[in-house]
Amino acid sequence: MTPLSVGAVAPSFALSNQFGKVVTLEELTAHRATLLVFYPFAFSGICSGELQEIRDDLARFQNEHVGTVALSCDPMFTLRAWDDAEAFFFPLLSDFWPHGAVARDYGVFEESGGFATRGTFLVVPDGTIAWSLVTEPGERRDFAGFHSTMASLIGA
């Protein structure tokens, strides 16, 4: 699979968050950019570290200019248990059924393992991708490119 690149139109989706509420891409990007953070598995080492990094610096990931959601192929109830344990304070979206459909649309589904890879996409309100990063399994992502892209988008 080839991940979507900068300038591509972000595929629409409607997924349940960790509380069972359906969230759409259109709702997320109606008034601000949205960072989509695909990750392989809840409760795993690198994934936990990455989402803790977002949680611990939440003001840079969730403010009037940008919102952040994390997406995996885990079931909603697993995401709820993980959020209860970690207190992430941002939506965890379940791409469980049809399994990995949204990850496939973004080109970040690992067919042989049945999980989303570490794909990261900044979707701006016009529905296009303004920044993206995809890392190899086992490789932690670096959010520096996201921060610099956001700074240029808001003129900071």
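Up top is the structure these notes are about.
Residues numbered from 1 in each chain as written. Predicted model: local features only at pLDDT ≥ 70, side-chain atom pairs only at ≥ 80, totals over all residues. Heavy atoms only, no water.

(A) Structural view of the overall build of the protein. In terms of helices and strands, the protein carries six helices and nine strands. The C-alpha radius of gyration computed for the protein amounts to 14 Å, which stays within 12% of the reference 15 Å derived for 156 residues, consistent with globular compactness. Contacts spanning at least 24 positions in sequence make up 64% of the contacts within the protein whose residues lie at least 6 apart. Surface exposure of the protein reaches about 7,000 Å², of which carbon and sulfur atoms provide 57%. Between the averaged position of the 9 positive side-chain charges in the protein and that of its 19 negative side-chain charges there is a distance of 4 Å. (Helix = DSSP H or I, 4+ residues; strand = E, 2+ residues; numbered from the N terminus. Rg over C-alpha atoms; globule rule 2.2 N^0.38 Å. Contact = heavy atoms within 4.5 Å. Areas by Shrake-Rupley, 256 points an atom, 1.4 Å probe, with all protein chains shown as cover. Lys, Arg positive; Asp, Glu negative; His and termini not counted. Charge placed at Lys NZ, Arg CZ, Asp CG, Glu CD.)

(B) Representation of the layout of surface pockets. Of the volumes computed, that of the largest pocket is approximately 160 Å³. Met 1, Pro 3, Gly 107, Val 108, Phe 109, Glu 110, Glu 111, Thr 117, Val 134, Thr 135, Glu 136 and Pro 137 together form the lining of the largest pocket. If you list the elements that add at least two residues to the lining of the largest pocket, you get β6 (109–110) and β9 (129–135). Its residues assigned to classes, the lining of the largest pocket comprises six nonpolar, three polar and three charged. (1 Å grid on protein atoms, 1.4 Å probe; cavity = no way out; pocket = protein on both sides within 12 Å on 5 of 7 lines; lining within 4 Å. Points joined across faces, edges and corners; volume = space filled by probe spheres on them. Nonpolar A, V, L, I, M, F, W, Y, C, P; charged D, E, K, R; others polar.)

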